[in-house]
Amino acid sequence: MAIRNIRELGDEILRKNCREVKEVTPRIRELIQDMYETMYEAQGVGLAAPQVGILKRIVVIDVDGEHPYTMINPRILESRDTQTGSEGCLSVPGKAGIVTRPNYVKAEAWNENMERYEVEGEGLLARAICHELDHLDGVMYVDKVEGELYDVGAAEDDEE
Ligand code: NI
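**Q** Which parts of the structure should I look at to understand the nonpolar core?
**A** Soluble globular proteins: nonpolar side chains tend toward being buried together. Counting 27 residues, the largest nonpolar core has V59, I61, M71, V92, V119, I129 and Y141 as the members making the most contacts within it. Counting residues per element, the ones that place at least two in this core are β2 (58-61), β4 (95-110), β5 (116-122) and α2 (123-135). At 6 residues, the largest contribution of residues to this core is made by α2. Sequence-distant contacts of Y141, defined by excluding residues within four places in its chain, comprise E87, G88, C89, V92, K95, A96, G97, V99, R101, H131 and L149. With 16 residues, the next largest nonpolar core counts V24, L31, M39 and A49 among its residues.

**Q** It is not clear to me how the pairing of β2 should be interpreted in this structure. Could you clarify?
**A** Every other side chain in a regular strand lies on the same face of the sheet, so the side chains alternate between the two faces. Burial of the side chains of β2 extends over both faces: I58 and V60 are buried on one face and V59 and I61 on the other. Pairing geometry for strand β1 (residues 46-48) and β2, over 3 bridges, is antiparallel. Considered in β2, the bridge of A48 is made with V59. Relative to strand β3 (residues 69-87), β2 runs antiparallel, the two being bridged by 4 bridges. Looking at β3, one finds that V60 is bridged to T70.

Rules and cut-offs
Residues numbered from 1 in each chain as written. Predicted model: local features only at pLDDT ≥ 70, side-chain atom pairs only at ≥ 80, totals over all residues. Heavy atoms only, no water. Core = buried A, V, L, I, M, F, W, Y, C linked by side-chain atoms within 4.5 Å. Buried < 20%, exposed > 50% of the residue type's maximum accessible area, 1.4 Å probe, protein only. Helix = DSSP H or I, 4+ residues; strand = E, 2+ residues; numbered from the N terminus. Contact = heavy atoms within 4.5 Å. Pairing = 2+ DSSP bridges.

Encoded structure:
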C-alpha cells in the first residue's frame, strides 16, 4: 500500500468525467487500498479516485472510522430532505464552505468483489456520498457553496 498524491483544485483532472469500472483487477484492488490509506492519513472521511489522478468511478467513504464503504460505479437511487452545513474537501486544503445537501440518500454501488449492495445514509454519511459521487462527474463542492469559502485549521477532521 502507498499514500498517493492528492490533486488540488485547479488540477484539470478533477473536472473530468470518470469511467465505469468493468472488472476489479489487481491494480484496481491496490488503488482502493491506497485510497483508504491516503484518506485516513489525511484525516478525511471520503476520497474519490480522480482526487488521486485516476479517472475511474470509485470512491471510498468512512465517516465514523468504523464503517468503510468501497463504492464502485455508485449511483444515488433516492434522496430526500435537506441539510445545510459546513463541508470541506481534501482537494481544497484548509478551506470549508456551507453547502446544502440531501439529509437522506440511498445509493447503490459494487464492492471490491463486484457484488452489488445498497447503502442508506443520513446526515454526514448522506453528505459524504453526495460529495464523493459529485467528484466522479467533475463537480466540486466549491461549485455549490453558499457564500465564500473560509479558512479552517489544518487538522480539521471533517474534510472529504
Ligand atoms: Ni472532495
